[in-house]
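Structure assessment
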Number of protein chains: 2
Amino acid sequence: MGHMTSPRTRMSPDSRREQLLELGVRLFATRSLEDLSIETLAEEAGISRGLLYHYFGNKQEFHTAVVQRAADDLFAVTAPTGEGAPLEQLAGSLERYVDYVTENYHGYLSLLRGAAGGHEGLREIYESARAALTDRLFEGPVAEEAAALGLTDTPAVRLLVHGWAAFTEDVVLEWVRDARGISRDELLLTLSASLPGILAPLRQA
Amino acid sequence: MGHMTSPRTRMSPDSRREQLLELGVRLFATRSLEDLSIETLAEEAGISRGLLYHYFGNKQEFHTAVVQRAADDLFAVTAPTGEGAPLEQLAGSLERYVDYVTENYHGYLSLLRGAAGGHEGLREIYESARAALTDRLFEGPVAEEAAALGLTDTPAVRLLVHGWAAFTEDVVLEWVRDARGISRDELLLTLSASLPGILAPLRQA
DNA sequence: CAACGCTATTGACGCACGTTCAATACTTTG
DNA sequence: CAAAGTATTGAACGTGCGTCAATAGCGTTG
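The paragraphs below set out a description of the structure included in this document. (Residues numbered from 1 in each chain as written. Chains lettered and ligands numbered in written order. Predicted model: local features only at pLDDT ≥ 70, side-chain atom pairs only at ≥ 80, totals over all residues. Heavy atoms only, no water.)

All right, on to the protein's contact with DNA strand C then. Around DNA strand C sit 22 residues in total, of which Arg8(A), Arg16(A), Arg10(B), Tyr53(B) and Lys59(B) are the nearest. Here DNA strand C approaches the protein such that, of its atoms within 4 Å, sugar and phosphate make up 70%. Note that a phosphate oxygen of DNA strand C is positioned 2.9 Å from one of the backbone N or O atoms of Ser48(A). Interatomic distance of 2.5 Å between a side-chain N/O atom of Arg10(B) and a base oxygen of DNA strand C. Contributing elements (two or more residues each) for the surface near DNA strand C: helix H1 (13-28) and helix H3 (49-56) of chain A together with helix H2 (38-45) and helix H3 (49-56) of chain B. (Near = heavy atom within 4 Å. Polar contact = N/O pair within 3.5 Å; in protein donor to acceptor, adjacent residues only side chain to side chain. Helix = DSSP H or I, 4+ residues; strand = E, 2+ residues; numbered from the N terminus.)

This part covers the nonpolar core. With 122 residues, the main nonpolar core has Leu41(A), Tyr108(A), Leu151(A), Leu41(B), Tyr108(B) and Leu151(B) as its most contacted residues. If we ignore the near neighbours within four places in the chain, the residues touching Leu41(B) are Leu20(B), Leu23(B), Gly24(B), Leu27(B), Leu36(B), Leu52(B) and Phe62(B). (Core = buried A, V, L, I, M, F, W, Y, C linked by side-chain atoms within 4.5 Å. Buried < 20%, exposed > 50% of the residue type's maximum accessible area, 1.4 Å probe, protein only. Contact = heavy atoms within 4.5 Å.)

The operation relating chain B to chain A is a screw motion whose rotation component is 180°, with 0.0 Å of axial translation and a residual RMSD of 0.1 Å. The superposition operator between the copies reduces to a two-fold rotation axis. A share of 100% of interface residues in chain B that are also interface residues in chain A marks the association as one of identical surfaces. (Least-squares fit on C-alpha atoms with pLDDT ≥ 70 in both.)

Let us now look at helix H9 (residues 155-177) of chain A. In a regular helix each residue adds 1.5 Å, so 23 residues correspond to 33 Å; H9(A) covers 33 Å between its end C-alpha atoms and thus fits that length. H9(A) sits mainly inside the fold: 19 of its 23 residues count as buried. (Expected span 1.5 Å × (residues − 1).)

What follows deals with unusual backbone geometry. For residues that are not glycine, phi is negative in most cases, and the peptide bond is trans in most cases. Residue and element names in this part refer to chain A. The backbone of Arg180 shows a phi angle near 55°, a positive value even though the residue is not glycine. Tracing the chain through its elements places Arg180 in the loop between H9 and helix H10 (184-204). With relative accessibility at 26%, the residue Arg180 sits in the partly exposed group.

All names here are of chain B. Within the secondary structure layout, Thr134 lies in helix H7 (residues 120-135). We classify Thr134 as buried; its relative accessible area is 14%. Dropping the residues within four chain positions of it, Thr134 is found in contact with Val161 and Ala165.

Next up on the list: helix H6 (residues 105-117) of chain B. Residue and element names in this part refer to chain B. Taking 1.5 Å of rise per residue, 13 residues should cover 18 Å, and H6 covers 18 Å from first to last C-alpha, within 8% of that figure. Residues Tyr105, Gly107, Tyr108, Leu109, Ser110, Leu111, Leu112, Gly114 and Ala115 constitute the buried set of H6. Buried positions along H6 lie against helix H1 (13-28), helix H4 (59-77), helix H5 (86-103), H7 and helix H9 (155-177).

Right, let's get into the protein's contact with DNA strand D. Taken together, 20 residues are adjacent to DNA strand D, and Arg8(A), Tyr53(A), Lys59(A), Arg8(B) and Met11(B) come closest. Atoms of DNA strand D within 4 Å of the protein belong to the sugar or the phosphate in 73% of instances, the rest to bases. At 2.8 Å, a backbone N or O of Lys59(A) approaches a phosphate oxygen of DNA strand D. In the environment of DNA strand D, a phosphate oxygen lies 2.7 Å from a nitrogen or oxygen atom belonging to the backbone of Met11(B). Listed by contribution, the elements that provide at least two residues to the surface near DNA strand D are helix H2 (38-45) of chain A together with H1 and H3 of chain B. Per-element tally for the surface near DNA strand D: the top contributor is H3(B), with 4 residues.

Printed below as a string of structure tokens:
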């Protein structure tokens, strides 16, 4: 809550902006983007509304910055560790993704909803975050092993991989909401096995 | 354009409400829910803002009514015809779904975004529309033939079918945006073949 | 260490849009 | 044709976005 800080605390632009961004992401996890108003944020941060406009220009830019930050967090969490065999690294990324959604359910949900329902800029952020995740399948040492599973880098395969990302997103979200008796390991196995399962039909045509 | 209709045209409640709903759905196809303001609608319909409140109570209820109507349209379009073998009927539904998205791209996109980003009521409408589509797999004469493909009615299977719906939605949307050299028939085959592909891993565990 | 300059920060203003409600004017009825 | 019923309006209010000149904290300088 806004609290009783002394009126007018002067900070350096960098730390002030960082403070506002962090607070924005934290509040974003508990309410929708619409409800994350300039007014709310200013109150919680204990500053005037005008200052937010000084740092973010307008509501859209502020929302963009918050969503970008949240997407960056997700991307960082799922980054490959660089250890182990290529396919094991992919499995590890998927694992950390599932754990991230589990531990950060509300925040992740807000990110999805905000990006899906928001303006063009927000959707772009989310789309490129998702692209960054799946692009890992076609780059580096992983690509060769992946190709053996049907993951050649063609437009059709990319389309299905895009769809698989949507599938994974949906299933993980539903699973966190209600596990339906499925263990975490079973979920992970099912998700990774479904990718070749989706691609298989394509190899015959 | 609001136009030069005579000021104050009195209509029966039913036809007036219907007119406003239809106009709402039409405008909704070309802009976001946020931009579908009470003011915009009133202007386009050539009525006062107050009248909209008379019929829909408030903005949320108006949006709810519009989204519900759009979802009903989609559900009606993809309803099984009742002719042909069970599995053929499913294929037909999928076919009409793809065609609907193709011909109604902007409207469908608006529906998705509005439902995903909007308030709880909107998400419920969309979720139950999707559920209604996939529930067909587990009901009536289809269920028996479907069970042979791994579609037994268990929580785990339902979870994956839910995910398959998200997969299909995503792939069709992307395909309409850019076909990537894939024909409509190839798309339909790939989509229907991917469902057993997704379920296959589950049968071994 | 006091005056100064730079700029982070404020507060008041205007605007757009959602929302309410008493007044108004069609249409029907007796 | 008068009167009742109600579809419709328009003006008023609240809230949250966006702008900007005025203010005040903090480092610098003599």
